[in-house]
Amino acid sequence: MSRRILPSGIVALSVMLCACSHSEGGSASGPPATGLPSGGEISALPMGHIAGLTDSAALARSIPNPYGDNPQAIASGKALYIKMNCAGCHGYDAKGNMGPDLTDTYWRYGGLPAQIFQSIRDGRAQGMPAWGAALPPQEIWKLVAYIQSLGGTYSVDGTPRNAQRPELVAPELSSHADDAPR
Amino acid sequence: MSARCTLVPSVALLARSATTYADTPMSYLHTYGPAGDPITRLGWGLGTISIAVISVIAVLLLGGLFRHRTERASDDAQLAVGREGGGMAWIYVGVGVSTVVLIICMGWTLVTTAIVLHPPSTPALTVQVVATQWWWRLRYTSANPSRTFTTANEIHIPVGQPVRFELASVDVIHSFWVPQLSGKMDVIPGQTNVTWLEADKPGVYRGQCAVFCGAEHARMALEVIADTPVDFRAWQDDQLREDPPPGSVTVRAGQRVFQAHCAACHAIRGSDAAGIVGPDLSHLMSRRTLAAGSLPNTPGNLAGWIADPQSLKPGAQMPDHLVSGPDLTAVVEYLNTLQ
Amino acid sequence: MRNLVRSPAAGALAPSPRIEGRVHDPVHRHTPRRGAAIAGALFLGLPACGYSLQAADAPAAPPVSTNNLSGATLNSSPNDPAGEWHSQARDFANSRYSPLDQINTGNVGKLRIAWTFSDGTLHGHEAAPLVVSDTMYVVTPFPDMAYALDLSKPGASIRWTFKPNPSPMALGKACCDAVTRGIAYADGKLIYNLLDDHTVAVDAKTGKEVWRVMMDNLETGATMTMAPLVVGNKVFVGNSGGEMGVQGWIAALDVDTGKQLWRAYSTGSDKRVLIGAEFKPFYSWMKGNDLGISTWPDGMWKHGGASVWGWISYDPGTNLIYYGTSNPSPRVPAQRPGYNLWASTIFARDADTGMARWAYQTTPHDEWDYDAVNEDILMDLRINGEMRKVLVHFDRNAYAYTIDRTTGEVLIAAPFAYLNWSTGFDAKIGRPIVNQDKEPRPGVKLDNICPPDIGGKDWQPAAMSPRTGLVYAGIFNICMDLTDHEVGYIASTPYDGMEMQRHAAPGGNLGEFMAWNPATGKKMWAIKERFMTMSGALATAGDVVFYGTADGWFRAVDARNGSVLWSQKLASGVIGQPITYLGPDHRQYIAIYSGVGGAATVRADTSMSGFPAQGGTLYVFSINGDSIGAEPALPSVSNDAGAPAPTANRGQQ
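Because the structure is a prediction, the values reported are computed rather than measured.

Thresholds applied
Residues numbered from 1 in each chain as written. Chains lettered and ligands numbered in written order. Predicted model: local features only at pLDDT ≥ 70, side-chain atom pairs only at ≥ 80, totals over all residues. Helix = DSSP H or I, 4+ residues; strand = E, 2+ residues; numbered from the N terminus. Buried ≥ 20, exposed ≤ 12 C-beta atoms within 10 Å, placed from the backbone. Contact = placed C-beta atoms within 7 Å. Axes fitted to C-alpha atoms, helices over the stretch in contact; angles between N-to-C directions. Parallel < 35°, antiparallel > 145°, perpendicular 65-115°, else oblique. Nonpolar A, V, L, I, M, F, W, Y, C, P; charged D, E, K, R; others polar. Pairing = 2+ DSSP bridges.

This brings us to the overall build of chain A. Within chain A one finds seven helices and zero strands. Counting from the amino terminus, chain A carries its helices and strands in the arrangement α-α-α-α-α-α-α. Residue burial in chain A is summarised as follows: out of 182 residues, 38% are buried. Within chain A, residue pairs in contact and separated by at least 24 positions form 66% of the contacts whose partners lie at least 6 positions apart.

What follows is the structure, encoded as structure tokens:
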């Protein structure tokens with residue numbers, strides 16, 4: 001009897017192990033195959049205009065979130081948002097408290113994913129702490145994915161993520177980087 | 001499949017385990033405390049009774065198969081059953097004995113489960129255990145609030161006293177199992193399960209998460225160390241003692257590295273680090289293992305774990321490459337001072 | 001039902017809120033006011049909720065005198081000139097009472113705007129201006145600028161501006177808006193706290209910085225928002241940051257140099273907390289050694305909060321200062337079993353040495369962020385036939401305390417606002433009995449905990465009148481739905497964990513302005529307000545009490561019976577503290593900031609319309625709006641006919 005059970009047991013176990021070993025480094029929602037943007041690319045981004053609409057120079061160098069719409073990344077990002085006390089300043093509903101509202105389309109330092117990444121990684125002047133030492137890039141991108149899921153951020157082509165708000169669609173972008181903010 | 005093929009290896013295994021239990025820390029065939037002893041006795045008892053029953057049946061069966069037929073050669077026409085003092089007695093006796101034995105076994109099982117449900121006396125110590133993927137947070141409570149402290153993965157209990165464990169989970173179902181001390185108790189999110197342990201003699205008793213809980217379930221171990229009451233009090237005092245501030249330049253640098261890179265998730269009492277996402281690392285060098293019992297606590301293992309946790313425990317929540325180079329050396333030196 | 005008070009002089013209609021309850025006393029009559037339509041008012045009794053509000057009384061003949069209902073007497077040291085206002089609370093006792101009576105119940109209906117001053121900032125305006133001789137001094141919220149206004153000039157022009165340039169990093173660390181609660185005046189200097197943990201002294205004549213000291217570390221999340229108190233050659237200051245896991249403290253600085261004379265922390269060893277042999281707490285749970293360590297889990301006192309962001313009073317007779325500490329950190333009580341001393345505690349300390357004389361913890365093991373920082377108003381009262389030296393304290397936990405200020409014994413503890421976190425006050429043990437159903441646990445949603453974290457009354461200070469013997473305060477009628485989340489300490493981030501939604505308590509009104517008898521523990525009358533009443537109160541010898549609402553109404557009320565005599569809508573919500581002074585023209589003025597913010601941005605019901613936008617304007621009122629003449633600065637060019645120069649204007653709207 002054991003001679004018949006043993007092989008099938010081994011097969012079942014192998015199947016389970018194979019299923020588990022597909023989690024890459026970081027956690028179950030590891031970075032996708034395209035890899036992470038380099039730190040230098042992020043630092044070279046110019047700060048965004050106040051309303052989040054940004055100039056073409058910034059757009060040209062901007063980078064999408066490597067996690068995209070990955071729901072596991074968003075869930076991890078939400079868990080991080082609470083564990084890292086982001087909820088304390090920005091509210092459990094992300095609508096702002098000591099820190100600004102993260103669900104609206106007003107981004108003091110730019111609303112592109114890479115600009116939000118930079119704000120989290122490097123901190124900002126009015127009291128936003130710098131998380132780059134405590135959180136590696138993939139964890140920060142998960143946070144950005146969560147913030148993007150709230151609907152107020154901008155896509156890398158300059159349009160707001162939330163397509164329901166046509167009045168916020170970016171007008172034709174000028175080639176002059178020093179135009180006054182609209 | 002004949003009983004013989006299972007019997008011989010089982011006996012051999014039992015014989016081995018009786019003499020070399022220290023080499024098999026997860027063996028539940030011998031336990032060392034009143035939370036587990038009744039169960040083990042029950043297990044052995046039922047096992048023995050089962051083997052006896054099987055043996056009797058086997059003997060009878062073999063006897064029946066190979067009974068000498070010469071007596072009956074001249075009595076082809078007679079049915080064996082019809083003979084006086086024949087087969088019905090076998091049935092009556094067999095059913096009667098089996099029933100009695102079964103009732104004894106059932107009674108014994110029920111009594112055993114009732115006994116192990118509650119400790120023999122009210123536990124003086126309660127440990128709050130929070131299971132999380134993939135480590136164990138421990139909080140020692142006390143009537144004196146300032147003797148309440150948090151640690152991780154290594155439980156100390158005083159010998160000869162029952163200790164109560166309140167089990168909670170922050171994510172998925174886990175199971176708290178220290179096989180040489182007790183049976184399993186599931187840890188279920190949304191409720192607090194209560195179990196207890198008691199050790200008869202000092203020693204290290206290894207535990208394990210016993211319900212599949214994710215990628216690193218296999219590396220979610222824990223150790224229960226039973227100390228004499230004096231040693232236990234000393235351990236508690238050690239955990240509550242405040243370490244002196246860092247002395248040398250490298251150790252201070254290491255503390256700065258720790259504060260910048262690690263303090264968001266980890267806590268070290270006496271410093272400014274008080275994160276709760278990862279295990280509390282206060283007095284880290286007093287622990288035998290790292291990474292929830294996965295690695296012996298040596299400087300090399302500590303450095304390797306900090307540098308590249310994903311290669312040792314892929315999928316663990318601790319990210320890779322947060323600290324490297326001279327920062328890594330400094331922080332390891334700092335952690336080595338946490339006695 | 002709305003009662004309209006029609007003022008014929010202005011032709012303006014000012015809706016007055018419903019008036020709930022009146023003093024039931026045949027001696028008191030209603031003062032007839034020209035144009036007041038009191039007869040049309042509808043008096044409603046408050047539903048039975050344990051507070052003794054008297055039934056409506058029919059108006060009768062006008063009163064001849066104001067009776068002191070509590071026997072309270074006030075020591076108005078340092079007895080500043082009657083027409084000036086040298087400190088936020090006007091006197092050491094924190095009475096916020098002015099002896100001026102030019103403006104009184106008879107003529108307050110004629111108050112009009114005399115002049116206004118825009119300070120160039122938004123954020124909540126919580127401070128009061130100071131008036132010393134012919135200069136008014138105002139301080140703004142972040143960026144914490146100070147202005148000196150020349151009251152002898154028409155329109156009170158700016159004499160100097162002081163720009164301290166505090167670090168903007170503080171904006172991200174201040175839990176409850178980038179506010180400051182005011183300045184102190186000492187010895188020719190203005191002393192106040194900057195949000196970024198500096199205390200600064202400015203020469204009052206020139207506006208030049210005299211000294212600046214750094215008192216705490218912004219990297220830990222600590223800020224400073226409180227108004228200092230000056231006593232003699234010392235100025236007392238404390239920090240903010242109970243939501244950030246800071247270490248709370250109070251310190252005394254030398255007025256001339258800013259040098260620190262002593263500092264008492266709020267948690268830690270007796271040595272750190274300046275507790276010594278002369279410390280004699282009245283109640284048992286505060287007796288013992290190093291309770292600032294042993295009432296916390298191992299080591300947690302180091303991030304214990306208990307900051308000192310409220311008011312300080314001083315008794316010159318005993319040389320003691322009185323103040324309260326904030327909530328314990330984190331705001332999740334499950335993480336910190338124990339009494340958590342010395343958070344949510346009222347302290348009496350020796351002003352010279354800082355050594356504690358007694359302490360009283362109003363909410364032991366504070367589970368709801370109630371703090372104890374609200375003002376302690378010092379007075380002498382007759383209680384049970386005996387004269388007692390007391391302090392009166394409306395705590396955030398919705399109990400009004402009358403405490404013997406020499407020993408810390410609680411003489412009266414009575415609810416003044418809607419509460420359900422406690423089932424009563426145990427006078428023998430000396431603390432409220434906790435309702436176990438309202439104790440939060442991580443991950444469990446608890447509905448309707450009253451009052452919410454901002455309390456039955458927050459920092460907005462009350463005023464007392466030695467003429468009526470009553471204490472007047474704006475209070476709240478709010479509850480919260482709460483879910484606690486376990487939280488880790490990460491330096492410079494909130495050590496918080498309270499997820500909550502606030503909403504109105506039974507009754508539907510968020511605010512209420514009340515008169516309280518501190519000798520009996522009874523509410524005498526109350527005015528319900530739709531929005532929060534988050535301004536300070538001002539009491540005057542004219543028997544008028546002033547307060548403002550979060551939606552921008554500034555009101556004058558008869559101190560004896562709660563009739564609303566005058567109301568004015570200001571540009572933004574009123575969360576500041578009103579003062580009154582005599583100008584160089586010997587005219588009495590009332591000054592109040594408008595500019596909503598602070599915790600009033602709670603917006604307990606986000607669907608409520610009428611919540612104002614931000615602002616930053618100081619309003620100054622006088623009878624008929626009269627003020628120093630408004631001639632142009634330069635003579636007009638005369639025409640051939642020699643036309644006369646234009647005459648001085650009467651104050652216009």
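Still more to cover.
From N to C terminus, chain B includes eight helices and twelve strands. Partitioning the intrachain contacts of chain B with sequence separation of at least 6 by distance along the chain shows that 63% fall at a separation of at least 24.

A few words now on the environment of V564(C). Residue and element names in this part refer to chain C. For V564, the position within the fold is in strand β39 (residues 564-569). Residue class for V564 comes out buried when judged on the 23 C-beta atoms lying within 10 Å of it. For the pair formed by V564 and V545, sequence separation is 19 residues and the distance between their alpha carbons is 9.4 Å.

Residues and elements named next belong to chain A. At a minimum axis separation of 7 Å, helix α4 (residues 71-83) and helix α7 (residues 137-149) run at an interaxial angle of 100°. Comparing their axes, α7 and α4 come out roughly perpendicular. For the pair α4 and α7, the contacting residues are A73, I74, S76, G77, K78, L80 and Y81 in the first and E139, K142, L143, A145, Y146 and S149 in the second. A per-class count over the contact of α4 with α7 returns seven nonpolar, three polar and three charged.

What follows concerns the sheet that holds strand β6 (residues 174-177) of chain B. Hydrogen bonding along the main chain pairs the strands of a sheet, whether they run parallel or antiparallel. Residue and element names in this part refer to chain B. Pairing is mixed across the open sheet formed by five strands, whose spatial order is β4-β10-β9-β6-β7. The two strands at the open ends of the sheet, each matched to only one other strand, are β4 (154-158) and β7 (185-187). Across the sheet, the mean angle separating the axes of adjacent strands is 25° when strand polarity is ignored. Examined bridge by bridge, β6 and strand β9 (residues 203-209) share two bridges and lie antiparallel to one another. Looking across to β9, one finds that W177 is bridged to Q208. Docked against the sheet, helix α4 (residues 229-240) engages β4 and β10 (221-227), running at close to 135° with respect to β4.

This paragraph deals with the sheet that holds strand β23 (residues 377-383) of chain C. Residue and element names in this part refer to chain C. One open sheet holds the four strands; their spatial order is β23-β24-β25-β26, and the pairing between them is antiparallel. At either margin of the open sheet sits one strand with a lone partner, and together these are β23 and β26 (410-415). Averaged over neighbouring strand pairs, the angle between their axes works out to 30° when direction is ignored. Alignment of β23 against strand β24 (residues 386-394), held across seven bridges, turns out to be antiparallel. Within β24, the position partnered with D380 by the bridge is K389.

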